[in-house]
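Structural overview
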Amino acid sequence: MNLVRLVVADDHVLLRTALAATLDNEPGLHVVGQADDARSTVATVARCLPQALLLSSTLPGRDASDVCGTVAIQAPECRILVLSDDSDHSTMLDAFRSGAHGYFAKDVRLDALIAAIEILVRGHAVVPPHMLGGLLHELVATRRREHQPHEGLAALSRREREVLNLLASGQAQAAIARQLVISPQTARTHIQNVIRKLGVHSRVEAVAVAIERGLIRAS
Amino acid sequence: MTPAPTPLLDAAPRHASGTTLREDADGAHWLSGPHTTDEYLLNPTAFALWELCDGETTGSEMVLAVYALFGAEMAQIRRDVTNVLSELSRADLLDWPAGSMPAPHAHGGAR
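The text that follows walks through the structure, step by step, so that each part is easy to find. Residue numbers restart at each chain and count upward from 1, following the sequence in its written direction. The naming scheme follows written order: chains are lettered A onward, ligands numbered 1 onward. Local features in a predicted model are, by the rule used here, given only for residues with pLDDT of at least 70; side-chain atom pairs are given and counted only at 80 or more, and totals for whole chains, interfaces and linings are based on all residues. Here the side-chain values reflect all heavy atoms present in the structure, with hydrogen atoms and water set aside.

1. Some details on the packing of helix α2 (residues 59-70) of chain B against helix α3 (residues 74-90) of chain B
Residue and element names in this part refer to chain B. Stated formally: Here an axis means a line fitted to C-alpha atoms, over the contact stretch when the element is a helix, while the angle between two N-to-C directions is reported on a 0 to 180 degree scale. By the criteria applied, helices consist of DSSP H or I runs no shorter than four residues and strands consist of E runs no shorter than two, each listed in order from the N terminus. Any angle between 65 and 115 degrees counts as roughly perpendicular, while under 35 counts as roughly parallel, over 145 as roughly antiparallel, and the rest as oblique. Whether a crossing is left-handed or right-handed is set by the direction in which the near helix is turned from the far one by less than a right angle, anticlockwise for left-handed and clockwise for right-handed. Note on contacts: a residue pair is in contact if any heavy atoms of the two residues lie within 4.5 Å.
Between α2 and α3, the least distance of the axes is 9 Å, while the angle of their chain directions is 130°. The angle between the axes of α2 and α3 places the two elements in the oblique class. α3 is crossed by α2, and the crossing has right-handed handedness. When α2 is examined against α3, the residues Gly59, Met62, Val63, Leu64, Val66 and Tyr67 are found in contact with a partner set consisting of Met74, Ile77, Arg78, Val81 and Leu85.

2. Considering the interface of chain B and chain A
What counts here: Using a 1.4 Å probe, buried area is obtained as the accessible area two parts lose upon being combined, added over both of them. Criterion for a salt bridge: a side-chain nitrogen of Lys or Arg within 4 Å of a carboxyl oxygen of Asp or Glu. The definition of a polar contact used here is a pair of N or O atoms within 3.5 Å, where within protein one atom must be able to donate a hydrogen and the other to accept one, and adjacent residues in sequence count solely through side-chain atom pairs. In this count, Pro and Cys sit with the nonpolar residues alongside Ala, Val, Leu, Ile, Met, Phe, Trp and Tyr, while Asp, Glu, Lys and Arg are called charged and the others, Gly among them, polar.
Of the residues lining the interface, 25 residues belong to chain B; the matching set on chain A comes to 22 residues. When chain B packs against chain A, close to 2,100 Å² is buried across both sides, 61% of that on carbon and sulfur atoms. Between the two partners, chain B and chain A, sit 1 salt bridge. Put simply, Arg14 of chain B and Glu162 of chain A hold a salt bridge, and the shortest N to O gap is 3.0 Å. For the pair chain B and chain A, the interface holds 7 residue pairs in polar contact (both at pLDDT 80 or more). Listing elements by their share of the side of chain B that touches chain A, those giving two or more residues are β1 (14-15), β2 (20-23), β3 (29-32), α1 (44-52) and α2 of chain B. Considering every element that reaches the side of chain B that touches chain A, the biggest residue donor is α1 of chain B, with 7 residues. For the side of chain B that touches chain A, the per-class residue count stands at 13 nonpolar, 7 polar and 5 charged.

3. Examining the environment of Val204 of chain A
Inspection of the secondary structure puts Val204 of chain A in helix α10 (residues 203-212). Along the primary structure Val204 of chain A and Ala168 of chain A are separated by 36 residues, whereas in three dimensions their C-alpha atoms are 8.1 Å apart.

4. Here's the deal with the packing of helix α7 (residues 158-168) of chain A against helix α8 (residues 173-180) of chain A
Residue and element names in this part refer to chain A. In contact at an axis separation of 10 Å, α7 and α8 are set at 130° when each is read in the N-to-C sense. As the angle between them shows, α7 and α8 are arranged oblique. Crossing angle aside, the handedness with which α7 passes α8 is right-handed. On the side of α7, the interface is formed by Arg159, Glu162, Val163, Leu166 and Leu167, while α8 contributes Ile176, Gln179 and Leu180. A class-by-class count of the residues in the contact of α7 with α8 yields 5 nonpolar, 1 polar and 2 charged.

5. Quick word on the pairing of β3 of chain B
All names here are of chain B. The following threshold applies: Pairs of strands are assigned from DSSP output, requiring at least two bridges between the strands.
In this sheet, β3 lies alongside β2 in antiparallel orientation, the contact comprising 4 bridges. By the bridge assignment for β3, Thr20 is matched with Ser32. Connecting the antiparallel pair β2 and β3 is a turn made up of 5 residues, with Gly27 showing a positive phi of about 85°. Between β3 and strand β4 (residues 39-42), which pair antiparallel in sequence order, lie 6 residues.

6. Focus on the state of the cysteines
Which entries qualify depends on this criterion: In this description, the term disulfide denotes a pair of cysteine sulfurs within 2.5 Å.
Under the counting rule described, the total for this entry stands at 0 disulfides over all chains. There is no disulfide at Cys68 of chain A, and the cysteine sulfur nearest it, in Cys78 of chain A, is 9.6 Å away.

7. Details of the sheet that holds β4 of chain B
Residues and elements named next belong to chain B. If you trace the 3 strands from one edge of the open sheet to the other, you get β2-β3-β4, paired in antiparallel fashion. Only two strands of the sheet have a single neighbouring strand rather than two, namely β2 and β4. Sheet twist, expressed as the average angle between the axes of neighbouring strands with direction ignored, equals 30°. Along the sheet face, α1 touches β2, β3 and β4 and points at about 110° away from the line of β4.

8. Description of helix α5 (residues 110-121) of chain A
Residue and element names in this part refer to chain A. Test applied: Expected span of a helix, by definition, is 1.5 Å for each gap between consecutive residues, and there is one gap fewer than residues. Under the scheme applied here, a residue whose accessible area is under 20% of the maximum for its type counts as buried, over 50% as exposed, and between as partly exposed, the area being computed with a 1.4 Å probe on protein chains only. Note: the arc covers the axis-to-C-beta directions of the helix.
For α5, with 12 residues, the first-to-last C-alpha span of 17 Å sits near the 16 Å given by 1.5 Å per residue. For α5, the set of buried residues is Leu113, Ile114, Ala116, Ile117 and Leu120. Buried residues of α5, viewed axially, fall in a sector of 160°; they line one side. Where α5 is buried, its residues touch β1 (4-9), α1 (13-24), β2 (29-35), β3 (52-56), β4 (79-84) and β5 (102-105).

9. Some thoughts on the sheet that holds β2 of chain A
All names here are of chain A. Within the open sheet, the 5 strands sit side by side as β2-β1-β3-β4-β5. Their pairing is parallel. The open sheet has two free edges, formed respectively by β2 and β5, since each of these has just one partner strand. Neighbouring strand axes in the sheet, compared pairwise and without regard to direction, differ in orientation by 20° on average. Relative to β2, α1 is tilted by about 160°, and along the sheet it contacts β1, β2, β3 and β4. Here α5 sits on the sheet and contacts β1, β2, β3, β4 and β5; the angle it forms with β4, its principal contact strand, is near 150°.

The values reported here are purely geometric and, on their own, carry no functional implication.
Next up, the structure:
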């Protein structure tokens, strides 16, 4: 029986060792290395040539995206699953752009993680279902930006303008989601995109900028 | 003379007015249309595509985004996206720009 060779990289010793021991006991899985920072992760992958790397998004030393990029070049056969403390779409998108093949929040159940590893080594991507819509929207928006560069308000998609209008009318994230018949997570992504594209730091600022530039009217 | 319909993937559908979304205790998403009490269970990918139906994103853009993420065979992704959009449309959950209505006999697995 061919075992799937894994490297586990996380700076939290207890989490890493417990996860490594648990996965190593699973039929079909074999943990061949562990690492606790970015540098040792790259070195361990180069030495052990695993089929999959479970990579914490918050390793000391370098950004997880940098580690993904380096591993993707040095060990292109290695499938990378980023384990994150949060469900932030931009972090996830950065990871995918840098060469990751999967992304999971760390509160995932063990059986789901094992299933994800199996999917990953079969060559498929792994995305938490509740983050899929937001990620696809980001990919669509990114492709548009690459093909037709815009700035600020002009870069907002129709849906983002709708979200901005709803923010201006005082709607919270949950109400926006209900109004647009989308999930709260996707509404959050749209709000984050509006804030990022307008170069502001809050929803209030985003609304102020939009009113100031005539995109929406003050109520 | 009636103009030829735009190929489905070139059009940008949007949510039909009056659709409602319900998330059950297991996190599954159910949609119901304005003219029926029937509910449609969407798998995660179908729901993600539904969320992209904003009247601006074309089916082709959806295909490219799915391809960029999952890297499966492009022809298969085109078929899958077409099937999901056709299913949603048959359930009266989508509005289409004039001339771009999907073929009524398309079939697939949104539910």
